[in-house]
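For reference, the chains in residue letters:
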2 protein chains.
Amino acid sequence: MDDNNIFIGGKPFMNYVTGVVMQFTTKNAESVVIKARGKFISRAADVAEVASKRFLEGSVGIKDIKIDSEEFKNTEGKDIRVSTMEITLGKNQ
Amino acid sequence: MDDNNIFIGGKPFMNYVTGVVMQFTTKNAESVVIKARGKFISRAADVAEVASKRFLEGSVGIKDIKIDSEEFKNTEGKDIRVSTMEITLGKNQ
């Protein structure tokens, strides 16, 4: 698993923001990819905005955003579709 | 207000999907912008995916995605930040 990926789930919001900020500050990452599925997509947008605008203002920005779908069968064999989002934050040159 | 904008809120999900699909089919739009704020951002991603992949497969795709923040003061004078997203769907050439 790529260390520069942050998967958004149900932990406290600031855990994710801190995770993103620390990738850039203490691990000196060039880019960080914030990933989320379903209802956590809104949260991923919040994490990206707070990390880049409040904590890393000017030095880090949103470089790419992708939206896609994942399909799978649930335990009853029914086809389920869920949206996914990946937000790439990168250091400004 | 631009007719090609669809604002995502709390109405039934398929209302928004139908709205997007009809812009392309009956109004012959070249592009449609799906806009959402806060918790409705996840829903905007779902609308974009279902409209483009299930109903308009091959003919329409995601052309651009923007995430931003809006800041305002609530009724108590406190500064509030909310994330916004705009997804541009366009006809494939």
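Since this is a predicted model, take the numbers as computed values, not measurements. (Residues numbered from 1 in each chain as written. Chains lettered and ligands numbered in written order. Predicted model: local features only at pLDDT ≥ 70, side-chain atom pairs only at ≥ 80, totals over all residues. Heavy atoms only, no water.)

A. The environment of G9 of chain A, seen in detail. Structurally, G9 of chain A is set in the loop between strand 1 (5–7) and helix 1 (13–25). Between the C-alpha atom of G9 of chain A and that of V50 of chain A, which follows or precedes it by 41 residues, the distance is 16 Å. (Helix = DSSP H or I, 4+ residues; strand = E, 2+ residues; numbered from the N terminus.)

B. Region of interest: the relation of the copies chain B and chain A. Under the fitted operation, chain B is carried onto chain A by 0.0 Å of movement along the axis and a turn of 180 degrees, and the coordinates agree to an RMSD of 0.0 Å. Read as a symmetry element, the transformation amounts to a two-fold axis. Nearest to the rotation axis, the C-alpha of S42 of chain B is located 2.5 Å from it, this being the minimum over chain B. Taken together, the interface assignments show that 100% of the residues at the interface of chain B recur at the interface of chain A, consistent with an identical surface on both copies. (Least-squares fit on C-alpha atoms with pLDDT ≥ 70 in both. Contact = heavy atoms within 4.5 Å.)

C. Main features of the interface of chain B and chain A. Listed as interface residues are 21 residues of chain B and, on the opposing side, 21 residues of chain A. A buried area of about 1,500 Å², summed over both sides, lies between chain B and chain A, and 57% of it is on carbon and sulfur atoms. Connecting chain B to chain A are four salt bridges. Across the salt bridge formed by D68 of chain A and K53 of chain B, the nearest N and O atoms sit 2.5 Å from each other. Counting every contact that joins chain B to chain A gives 13 residue pairs in polar contact (both at pLDDT 80 or more). Broken down by secondary-structure element, the contributors of at least two residues to the side of chain B that touches chain A are helix 2 (41–55), strand 3 (60–73) and strand 4 (79–91) of chain B. (Buried area = accessible area lost by both parts, 1.4 Å probe. Salt bridge = Lys/Arg side-chain N within 4 Å of Asp/Glu carboxyl O. Polar contact = N/O pair within 3.5 Å; in protein donor to acceptor, adjacent residues only side chain to side chain.)

D. Fine view of unusual backbone geometry. Residue and element names in this part refer to chain A. The residue N28 is not glycine, and still its phi comes out positive at about 55 degrees. Considering the arrangement of structural elements, one finds N28 in the loop between helix 1 and strand 2 (31–37). Accessibility expressed as a relative area gives 53% for N28, which makes it exposed. (Buried < 20%, exposed > 50% of the residue type's maximum accessible area, 1.4 Å probe, protein only.)

E. Quick peek at the sheet that holds strand 3 of chain B. Spatially, the four strands line up as an open sheet ordered 1-2-4-3 (chain B), and their pairing is mixed. Two strands bound the open sheet, and with one partner strand each, they are strand 1 (5–7) and strand 3 of chain B. Strand-to-strand twist across the sheet, computed as the mean angle between neighbouring axes with direction ignored, equals 20 degrees. Sheet topology note: the strand 2 (residues 31–37) of chain B/strand 4 of chain B ladder contains seven bridges and is antiparallel. Within strand 4 of chain B, the position partnered with I34 of chain B by the bridge is I87 of chain B. Against the sheet, helix 2 (residues 41–55) of chain A contacts strand 3 and strand 4 of chain B, and its axis sits at roughly 115 degrees relative to strand 4 of chain B. Sitting on the sheet, helix 2 of chain B is in contact with strand 2, strand 3 and strand 4 of chain B, with an inclination near 5 degrees to strand 4 of chain B. (Pairing = 2+ DSSP bridges. Axes fitted to C-alpha atoms, helices over the stretch in contact; angles between N-to-C directions.)

F. View of the pairing of strand 2 of chain B. Where strand 1 of chain B meets strand 2 of chain B, three bridges bridge the pair, whose relative direction is parallel. Considered in strand 2 of chain B, the bridge of I6 of chain B is made with I34 of chain B.

G. Focus on the sheet that holds strand 1 of chain A. The four strands are arranged 1-2-4-3 (chain A) in an open sheet whose pairing can be described as mixed. Among the strands making up the open sheet, the edge pair consists of strand 1 and strand 3 (60–73) of chain A. Pairwise comparison of adjacent strand axes, ignoring direction, gives a mean angle of 20 degrees for this sheet. Along the sheet, helix 2 of chain B contacts strand 3 and strand 4 (79–91) of chain A; its crossing angle with strand 4 of chain A, the most-contacted strand, is approximately 115 degrees.

H. Geometry of helix 2 of chain A. Residue and element names in this part refer to chain A. The end-to-end C-alpha distance of helix 2, which contains 15 residues, comes to 20 Å, matching closely the 21 Å that a straight helix rising 1.5 Å per residue would cover. For helix 2, a buried count of eleven out of 15 residues is recorded, marking the element as mostly surrounded by other parts of the structure. Among all positions of helix 2, only I41, S42, A44, A45, D46, V47, A48, E49, V50, A51 and S52 are buried. (Expected span 1.5 Å × (residues − 1).)

Coordinates in, geometry out; function isn't part of it.
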